[in-house]
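Take a look at the letters that make up each chain.
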Amino acid sequence: MEKPDSKDIVQGLYLSLLGRAADPEGLKHWVGELENSTIEELGDHFVSSDEFTSSSAAESPESFVRSLYFNLFDRQADKAGLDYWSAKLEQGELDEHQLVTAITQSASEADREAYNAKLAISDYYTDQVTQDAYDPEQPLTISGLHSNDELYAELNRLDSDYDSLALDQVGSSLAGNPLYKAEVGSGERKVMIITQQHGDEPLGTEASLYLLEFLAGDSALAQSIREEVTVTVMPRVNPDGFARWERQESGEQGVLDPRRNEANVDLNRSYDPDEGFDESQAPEAAAVLEVLDAFQPDLLLDYHHQNNYRNDEGSLDTMSIQWPTNPDVDPSVSETGQQAAVAIANSLENFDHDQLTLFPGSENPAIARNGLALDGTPTLLIEQRGLQEMDELALGLDLDYSALASALTLEALISMKGVVSAIADDSFDSLDPALAEQIPERSERIDFADLYGDDAYQPEVQDPAASEELQLVGAQTMEEPTMVEA
Ligand SMILES: [Zn+2]
């Protein structure tokens, strides 16, 4: 088994025992300490720290186990787990740090993934934040998805908070929900991002809100990007479908497929330039085309979700991408899409919760990826995992989605920022489109039950004394980067 690196170990201690991402100075300090200490000794330091001993986790064995479940897996402890692990602690069979190791080692795949997601988010936060701006209360997971009203409120807040952002209503859905575009920047290069053409594919929308706030903000990087690039975002192109997903999730039966719009149209089958479509049945797609025609973007990114795919090594595909593949698309248009794929691969290189693969592309001219490209707009389709999780949530499955959704939202945000930044600093144009071909094929489809179904509680506790080095599962299961070289 590969030894986890020091950073992962320390970040794991912060997350599990203190419930927060490491602050930059703390991370540096404890990584240094680890050169002359064992992981065990470091764990003892954390457990005897004032921060830990004064926290509610230190009040009783039960409160410690409860806090661990939340810190590690982002969920409430189940009764069996709570009783089992509290007894271990109470009877002195395991100390706090050994308990962390034992719980992570016996976690289900879904729990392990939640933990890995939280670790990756913590790492990202620690890497990005300065010590001065560090916030110990930084949320490491998103709490729920924006409803339509919340989305509109957030867009309006951004519009009033930032002079650099302009919000315009560009249409209405069939059920009368407003469709917006939010525009930031004044640069010559133009990027358009559309999200959630399918109502039950929500995380590109969540990511786009973070992107807009970043781009509209007053950081030096955001200001320099705004000078070079204009970004137009149409978040949640299918609000009616998402509203139906929410109704389904709250128990309503017989709801029309939330993928589709209110007239049962799949919006992402509207874009064949030779066929056209009935705009009265798909005003949402008409609004996309209208914005596109007026804006004339150099690149369009289209965010979706797909099902679950897992490779031979057991890693799940977190994101699959594809450029225009219809043979009648001008090759230079497809090449720009490939460059966007390479920019995304590069941007995700340092994010631990990602596995990027190629979406198996069809030649269908009616999907945005091909149809818009046939009319000359370079496109890239982005499909993140999570669709099946959304479907199961709507069916009433008790599934904790927030850690996974948060990691996927962050992955989407990193991909958006990666493309926009590369265009802003001119590195985009020198990206070799051929490198996109090196992104691996999408993995094998797996059943939902393989991932979540066999979740029976079966703790298999190793004797901690028998393992020479205590390791955190999250660190062990970190996926190898699968990025192309650039
Ligand atoms: Zn979709």
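Quick notes on the rules
- Residues numbered from 1 in each chain as written.
- Predicted model: local features only at pLDDT ≥ 70, side-chain atom pairs only at ≥ 80, totals over all residues.
- Heavy atoms only, no water.
- Helix = DSSP H or I, 4+ residues; strand = E, 2+ residues; numbered from the N terminus.
- Expected span 1.5 Å × (residues − 1).
- Buried < 20%, exposed > 50% of the residue type's maximum accessible area, 1.4 Å probe, protein only.
- Donors = N, O, S within 2.8 Å, 3.2 Å for Na, K, Ca; no water.
- Tetrahedral: all angles 85-135°; square planar, octahedral: opposite > 155°, others 65-115°.
- Phe/Tyr/Trp six-rings, centres within 6.5 Å; stacked < 30°, edge-to-face > 60°.
- Lys NZ or Arg CZ within 6 Å of the ring centre and 35° of its normal.

J.: What exactly am I supposed to notice about helix H13 (residues 283–295) here?
T.: Along an α-helix, residues three or four apart share an orientation, since each turn contains 3.6 residues. When the terminal C-alpha atoms of H13 are compared, their 18 Å separation across 13 residues agrees well with the 18 Å that a helix rising 1.5 Å per residue should span. Within H13, burial applies to Pro283, Glu284, Ala285, Ala286, Ala287, Val288, Val291, Leu292 and Phe295. Positive backbone phi, approximately 50 degrees, marks glutamine 296, located one or two places after H13.

J.: Mind showing me how you'd approach the coordination of the zinc ion here?
T.: Taken together, the protein donors to the zinc ion comprise His198 (ND1), Glu201 (OE), Glu201 (OE) and His304 (ND1), at separations of 2.0 to 2.7 Å. Around the zinc ion sit four donor atoms; with metal-centred angles ranging over 54 to 150 degrees, the donor geometry is irregular. Mapping the donors of the zinc ion onto the primary sequence gives the spacing H-x2-E-x102-H. One end of the pair, histidine 198, is in the loop between strand E3 (189–195) and helix H10 (203–216); the other, histidine 304, is in strand E5 (residues 299–306), with 106 residues separating them in the sequence. Here histidine 198 and histidine 304 have matching classes, each one buried.

J.: Quick question: what am I supposed to make of the packing of aromatic side chains here?
T.: The description of two aromatic rings rests on the distance between their centres and on the angle between their planes. According to the stated counting rule, one finds nine aromatic pairs in the structure shown. Ring plane angle 85 degrees and centroid distance 5.0 Å describe the contact between tyrosine 14 and phenylalanine 46, whose orientation is recorded as edge-to-face. Linking tyrosine 14 in helix H1 (residues 6–18) with phenylalanine 46 in helix H3 (residues 39–47), this pair joins segments that are 32 residues apart in sequence. The residues tyrosine 14 and phenylalanine 46 share a single accessibility class, namely buried. Consider the rings of tyrosine 84 and tryptophan 85, whose centres lie 4.9 Å apart with planes at 90 degrees: the pair is edge-to-face. Residue class for tryptophan 85 comes out buried when judged on its relative accessible area of 1%. Ring pairs connect the aromatic residues Tyr14, Trp30 and Phe46, which therefore count as one cluster. The ring of phenylalanine 214 carries lysine 417 above its face, with NZ or CZ at 4.2 Å from the centroid.

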